[in-house]
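The chain contents come next:
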Amino acid sequence: MALSDFFAGKRVLVTGHAGFKGTWLTLLLKLLGAEVYGYSLLPASSERMYELVRGHELLSSELIADVTDLHSLQRFVTQSKPQLVLHLAAQPLVIESYLDPLTTYRTNVLGTLNVLAACQACPSVQSLTVITTDKCYENHDEGRPFKETDPLGGYDMYSSSKACAEILCASFRNSFLHEPGTMHLATARAGNVIGGGDFAANRLVPDCVRALSRGASVMVRNPHATRPWQHVLEPLYGYLTLARALYEGQEAAASAFNFGPNPDSVLTAGEVVAAVTTLWGSTGGDTAQSEGQLGSNSARFHEAALLSLDNRKAREVLGVKPALPLKEALELTVAWYRAWAQHSSTLRELSWQQIEHYLQKVEEA
Ligand SMILES: NC(=O)c1ccc[n+]([C@@H]2O[C@H](COP(=O)([O-])OP(=O)(O)OC[C@H]3O[C@@H](n4cnc5c(N)ncnc54)[C@H](O)[C@@H]3O)[C@@H](O)[C@H]2O)c1
């Protein structure tokens with residue numbers, strides 16, 4: 001069954017709906033015919049995709065509020081009676097987690113516990129998907145792709161907070177979700193994503209595009225760090241497939257899943273910047289690849305040099321596999337930012353076109 005046949009008319013709550021992934025997820029769910037409910041704070045960036053695509057117009061109901069406020073969250077969940085919940089709200093930045101470890105842990109761990117409790121108390125919720133990250137694994141820079149069964153860890157506070165969220169979810173499932181009729185719970189671990197509309201600080205592609213749009217030099221913090229890159233729609237499609245499998249009671253779905261690209265999509269940060277700069281064309285300035293030039297507080301902090309995911313479980317259990325080659329993912333991303341740099345008033349329509357293009361690729365794959 002196509003995702004649109006399943007999601008049409010379903011009541012879906014997205015936490016973090018005002019963020020980068022949350023906005024794309026809202027657009028995708030609306031295209032699939034779902035009723036979308038959103039609970040989130042607004043991202044700190046001055047530019048927000050959520051506002052550029054007038055995201056609030058797409059929601060059946062939304063609350064701009066904190067996931068650490070249990071009463072407010074519980075009230076919103078009870079009122080919106082979602083059938084499926086996707087929990088994306090988080091403090092998602094490694095550098096910010098060094099600067100504010102308390103908020104990072106409060107949001108990512110306590111906030112997740114609140115979402116678990118609020119959903120458990122709401123009988124309409126059948127499916128809860130908690131979004132963590134590929135950084136939740138204990139990483140010794142060995143270069144081996146991580147499997148879901150690998151030990152969890154986290155050098156920095158962001159990564160360890162997400163590892164804690166993983167342990168919390170597994171423990172919550174073991175402790176409270178045995179009885180028939182209780183909701184089904186899974187966690188989703190994806191890697192770095194690219195796509196138009198990300199305006200977060202200290203992320204490679206947004207930093208690169210901001211510099212190019214000003215005609216400035218692009219500085220790369222760790223040009224040799226390798227990451228698996230994928231378009232934001234790839235993990236979102238995976239999350240929705242997982243959410244559906246949970247809703248349908250597929251037993252193997254109630255566990256942890258990696259959503260990552262194929263090995264040929266692993267590039268160094270420097271290679272990504274070179275590709276974006278070429279696609280952007282002639283307007284950009286020089287590309288200066290030097291460690292430690294991106295901002296005064298960036299080079300001080302440890303970042304893993306190697307990170308990649310084994311995506312076999314998602315293929316085998318859910319039938320999810322990457323559909324967009326990296327070259328095309330980069331082209332879509334640069335096309336979106338170009339439209340933004342030209343002050344396009346049709347960014348919502350452009351985003352929907354890109355989603356339709358992606359869904360077509362999924363069908364072909
Ligand atoms: N973007 C990536 O490359 C990436 C990679 C791996 C995992 N993730 C995960 O995906 C999820 C979404 O990330 P994103 O890139 O869209 O980040 P984002 O910062 O754009 O969006 C996060 C949203 O959560 C909201 N939020 C933060 N604290 C909150 C709180 N206490 N209560 C309610 N809302 C709060 C923010 O205001 C924002 O709207 C996060 O869980 C993140 O850890 C992202």
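For the structure itself, look to the data block above.
These remarks concern the structure in this document. (Residues numbered from 1 in each chain as written. Predicted model: local features only at pLDDT ≥ 70, side-chain atom pairs only at ≥ 80, totals over all residues. Heavy atoms only, no water.)

### Quick word on the pattern of salt bridges
Pairing is possible between side chains of opposite charge, provided their charged atoms come close. Tallied over the entire structure, the rule returns eleven salt bridges. Between Arg 189 and Glu 166 there is a salt bridge, and its shortest N-O distance comes to 2.8 Å. Remark: Glu 166 occurs in helix 7 (residues 157-176) and Arg 189 occurs in strand 6 (residues 184-190); sequence separation between them is 23 residues. When sorted by exposure, Arg 189 lands in the same class as Glu 166, which is buried. A salt bridge links Asp 310 to Arg 312, with the nearest nitrogen and oxygen atoms 2.5 Å apart. Shared partners join several salt bridges into a network, and the residues in it are Arg 54, Glu 57 and Arg 348. (Salt bridge = Lys/Arg side-chain N within 4 Å of Asp/Glu carboxyl O. Helix = DSSP H or I, 4+ residues; strand = E, 2+ residues; numbered from the N terminus. Buried < 20%, exposed > 50% of the residue type's maximum accessible area, 1.4 Å probe, protein only.)

### Here we look at the side chain of Glu 148
Relative to the assigned elements, Glu 148 resides in the loop between strand 5 (127-131) and helix 7. It is Lys 313 that comes nearest to the buried, bridge-free Glu 148 among opposite-charge side chains, at 5.3 Å. A distance of 2.7 Å separates a polar side-chain atom of Glu 148 from the backbone nitrogen of Asn 258. Discounting chain neighbours no more than four positions away, the residues touching Glu 148 are Tyr 137, Arg 189, Ala 256, Phe 257, Asn 258, Asp 310 and Lys 313. (Lys, Arg positive; Asp, Glu negative; His and termini not counted. Polar contact = N/O pair within 3.5 Å; in protein donor to acceptor, adjacent residues only side chain to side chain. Contact = heavy atoms within 4.5 Å.)

### Quick word on the site of the ligand
Taken together, 27 residues lie near the ligand, and Lys 21, Asp 66, Val 67, Tyr 158 and Lys 162 sit nearest. Residue Val 67 places a main-chain N or O atom 2.8 Å away from a nitrogen atom belonging to the ligand. Relative to its unbound accessible surface of 820 Å², the ligand loses 92% to contact with the protein. Residue composition of the shell around the ligand, grouped by class: 15 nonpolar, eight polar and four charged. (Near = heavy atom within 4 Å. Areas by Shrake-Rupley, 256 points an atom, 1.4 Å probe, with all protein chains shown as cover. Nonpolar A, V, L, I, M, F, W, Y, C, P; charged D, E, K, R; others polar.)

### Some thoughts on helix 9 (residues 233-247)
For an α-helix, 3.6 residues make a turn, and residues three or four places apart therefore share a direction. Counted at 1.5 Å a residue, the expected span for helix 9 with its 15 residues is 21 Å, and the 21 Å between its end C-alpha atoms agrees. Burial analysis of helix 9 places 14 of its 15 residues in the buried class, which makes it a mostly covered element. A positive phi of about 80° marks Gly 249, the residue just after helix 9. (Expected span 1.5 Å × (residues − 1).)

### Quick look at the state of the cysteines
Applying the stated criterion to the full structure yields zero disulfides. Here Cys 136 is not disulfide-linked; the sulfur of Cys 164 is the nearest cysteine sulfur, at 11 Å. Residue class for Cys 164 comes out partly exposed when judged on its relative accessible area of 28%. (Disulfide = S-S within 2.5 Å.)

### Some details on the pairing of strand 2 (residues 35-40)
Of all six residues that make up strand 2, five are buried, and the element is covered over most of its length. Two strands pair when backbone bridges link them, and strand 1 (residues 11-15) and strand 2 are joined in this way by five bridges, in the parallel orientation. By the bridge assignment, Val 12 is partnered in strand 2 with Val 36. A crossover connection joins strand 1 to the parallel strand 2 through helix 2 (residues 20-31); in handedness this β-α-β unit is right-handed. Two strands pair when backbone bridges link them, and strand 2 and strand 3 (residues 61-64) are joined in this way by four bridges, in the parallel orientation. Paired with Ser 40 across the strands is Ile 64, a residue of strand 3. (Pairing = 2+ DSSP bridges. Right-handed = clockwise from strand over helix to strand, strands pointing away.)

This is a description of form; function is not addressed.
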